[in-house]
Amino acid sequence: MSSLHQIKGGRSRPSLPSFMVGQARPGVGSPAILALLLTPGLIIVAAFFLIPMALVAMRVANGPDGFATYFIILTNGRYFASLMQTLVMSAGVTVTALVLCGICGLFLVRNRFAGRNVITALLTLPLSFPGTVVGFMVIMLAGRQGVIGSVTDALFGDKLVFAYNIAGLFIGYLYFSIPRVILAVMASAEKLDPQLEEAARSLGAPTWRVIKDVILPGLMPGLISSGAICFATAMGAFGTAFTLATDIDVLPMVIYTEFTRNANVAVAAALSIALGLLTWAVLTAVRCFAGNTATSGTGGGA
Amino acid sequence: MSTQIKLRHCAKTFADGTRALAPFDLTIEGGETIVLLGPSGCGKTTILRMIAGLEFPDAGGMITFDGDDVTRQSIEKRRVGMVFQSYALFPNMTVAENVAYGLKVNGVSAAERQTRVAAMLEMMHIDMLADRRIDQLSGGQRQRVALARAIAVQPRVLLLDEPLTALDAKLRVRLRTEINALLRKLGITAVYVTHDQEEALALGDRIVVMQKGEIAQIGTPREIYRSPKNPFVADFVGAANRLAGDMRDGRLHIGSQVFEAVDGWNQYNDMIDKTGPVELFFRADGLSVCEREDAHFTGRIEAVAYLGDKQRLTVSGIGPQAMMIDTHADDLTAVGSDVHCRFNIERLAIFPAHDADSGAI
């Protein structure tokens, strides 16, 4: 590296102004400097990722069943069902949020009307609420004394209550996810080139084809990144679930129960590792899949 | 075969009340290349978008393709090929997929698609780029792909919106020549929007010069160049020099000089018969450097631009504004020295003085 710079420096003609020659002096990109620049990143990765992960993994190894704990959580019906339930719900929240926000975000970017900024501000408001508050709101909406319950009671004589199970959690997480996704969609939609759509239409493409071939591929980077955040948040979120009920079997709740009530540290640790790995695996798979379609040109959904 | 396009009483007022186009009529013959020329904001792109079906004329306007009323038809149904300044190629598709796209959405079978795409790519000399991604192409290559994509669907009319503006000068000339040859070969009706007069003169069968939402002149390149109808057109197609004069008894008086009417002025007949102040427009070749005894005017060289095949002098002292005068590349010219020049009297555009004041940009 440094020898290359010296060659460059030697080649530079005397007529060059001194500041340009100075730029090519050795050392700027030398391994020592690069290592120094990498250090903060390495420290953070070690402190907040590698060390805690290792400690948690060791807890599993030191538990009564050792590494077999991983086998136990996969074969034990309750743990496995919880794993699947969390996965399905998070995926459901992600897909729903992407569809809703894709439509709303595109609409908000493409149309100018009175109150547009107010709507955008309202849609992004949940960003500021913690999970507990979101859970509280879901209870106000769909709980035993909730608005939906009162309305259905008055209309059909039957209270519709769904705040205290997975449906309530779904609503809560969706509410929680909308701002993140909608902001990402709006950012991507601003960058869409309207002439691409005009070109597609001039070639005879009907609206659905323009959406599939031009708009969706253009929004895809924003949809993937915000969808990833949305999915990861839903996989690990705890506050909302804890506020709604203690018997919703999503993985973070199970981990909490095993750890605090049952003092089953090894299982809690194994579930934590499984939760992390599963989330990571899904995100990686989506990224690979989306990366392939983006270059091969078939477009399609996430 | 080629489609004739008629626009009747077309006007465009935007939603905010801005009048983009005053009502106009325009007929584009089948196979003709029409160039819409004008400065930005003159309405030329709005006309193109009206023909495309991306904008619709105000009530009362009518657009027909070969007699079929397409006024309210949307762009998907009109079978128009569009080429944009920004290329507008699909970034998620390869070159071949871009060119095939129109055929695909129109339900052409995969086998035929392949044959036709290959033929298109070969015609545009980009067959070796078929599997490239768009971001791997240069600007010139991108515009070739865009052209291939637009003509692959055999559109009724090809619409080109400043297609060469984003390219460098040398490539612009080369691609312009190719587009010209392509349009002749296909015999397709084409509408070409540009603000570059050289491009307009080189490509157009006819040129429509636009000024502030109105058609200032329609004519062949020769008519536009030699006989501009008003000061705006004269100025826009490059007659940058202006002089004030007087018409009396069919003669042109400029200061103490008197010029007889000549054949080249025929198109300004009514001007020649009138008496009163006139404004003269001419290009850098309207004056030529000569010996003192042959001179009509004498000025002072303020600046010299060496252009290789010629030199362009900026000369003061002839009129109120500095003149551009071209001279031979080898002539001795020195800033600050006097220069004698003759009027090439046939290369003039003459307008009544008040027109010139109101119309020129």
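Model, not experiment: these values are computed from the prediction.

Student: Give a description of the overall build of chain A that names residues and reports values.
Tutor: Scanning chain A from terminus to terminus reveals 14 helices and zero strands. Reading the helices (α) and strands (β) of chain A from amino to carboxyl end gives α-α-α-α-α-α-α-α-α-α-α-α-α-α. Sorting the 302 residues of chain A into buried and exposed places 30% on the buried side. Here the analysis covers contacts within chain A between residues at least 6 apart in sequence; of these, 71% occur between residues at least 24 apart.

Student: Which residues make up the domain arrangement of chain B, and what values do they have?
Tutor: Residues and elements named next belong to chain B. Partitioning chain B into structural domains gives domain 1 (5–231) and domain 2 (240–352). A separation of 38 Å is found between the C-alpha centroids of domain 1 and domain 2. Facing the four residues of domain 1 at the interface are five residues of domain 2. Of the residues that constitute the side of domain 1 that touches domain 2, the class distribution is two nonpolar, two polar and no charged.

Student: Summarise the domain arrangement of chain A; cite the residues concerned and give the values.
Tutor: Residues and elements named next belong to chain A. Taken domain by domain, chain A holds domain 1 (29–62) and domain 2 (74–301). The C-alpha-based centres of domain 1 and domain 2 are spaced at 31 Å. Taken together, the contact between domain 1 and domain 2 spans four residues of the former and six residues of the latter. Among the residues making up the side of domain 1 that touches domain 2, the classes are represented as three nonpolar, no polar and one charged.

Student: Pulling in residues and values, what's your account of the sheet that holds strand S3 (residues 33–37) of chain B?
Tutor: Residues and elements named next belong to chain B. Pairing is mixed in the open sheet, where six strands are placed in the order S6-S7-S8-S3-S9-S10. Looking at strand neighbours, the two that pair on one side only are strand S6 (80–83) and strand S10 (214–219), the edges of this open sheet. Across this sheet, the average inter-strand angle for adjacent strands is 20 degrees, counted without regard to direction. Relative to strand S9 (residues 206–211), S3 runs parallel, the two sharing four bridges. Following the sheet pairing, Leu 37 is matched in S9 by Val 209. Strands in contact with helix H1 (residues 44–52) are S3, S6, strand S7 (157–161), strand S8 (189–194) and S9; relative to S7, the strand with the most contacts, it is inclined by about 150 degrees.

Student: Which residues make up the pairing of strand S12 (residues 251–254) of chain B, and what values go with them?
Tutor: Residues and elements named next belong to chain B. Bridging between strand S11 (residues 241–248) and S12 involves three bridges; their strand directions are antiparallel. Bridging from a neighbouring strand, Asp 246 pairs with His 253 of S12. Between the end of S11 and the start of S12, which pair antiparallel, lie two residues, with Asp 249 showing a positive phi angle near 55 degrees. One ladder, built from four bridges, connects S12 with strand S13 (residues 257–260); its direction is antiparallel.

Student: Pulling in residues and values, what's your account of the interface of chain A and chain B?
Tutor: Taken together, the contact between chain A and chain B spans 18 residues of the former and 20 residues of the latter. For the side of chain A that touches chain B, the secondary-structure elements that each account for two or more residues are helix H10 (194–202) and helix H11 (207–236) of chain A. Broken down by element, the side of chain A that touches chain B gets its largest block of residues, six residues, from H10(A). Looking at side-chain class alone, the side of chain A that touches chain B contains eight nonpolar, five polar and five charged residues.

Analysis parameters
- Residues numbered from 1 in each chain as written.
- Chains lettered and ligands numbered in written order.
- Predicted model: local features only at pLDDT ≥ 70, side-chain atom pairs only at ≥ 80, totals over all residues.
- Helix = DSSP H or I, 4+ residues; strand = E, 2+ residues; numbered from the N terminus.
- Buried ≥ 20, exposed ≤ 12 C-beta atoms within 10 Å, placed from the backbone.
- Contact = placed C-beta atoms within 7 Å.
- Domains from an automatic or database assignment.
- Nonpolar A, V, L, I, M, F, W, Y, C, P; charged D, E, K, R; others polar.
- Pairing = 2+ DSSP bridges.
- Axes fitted to C-alpha atoms, helices over the stretch in contact; angles between N-to-C directions.

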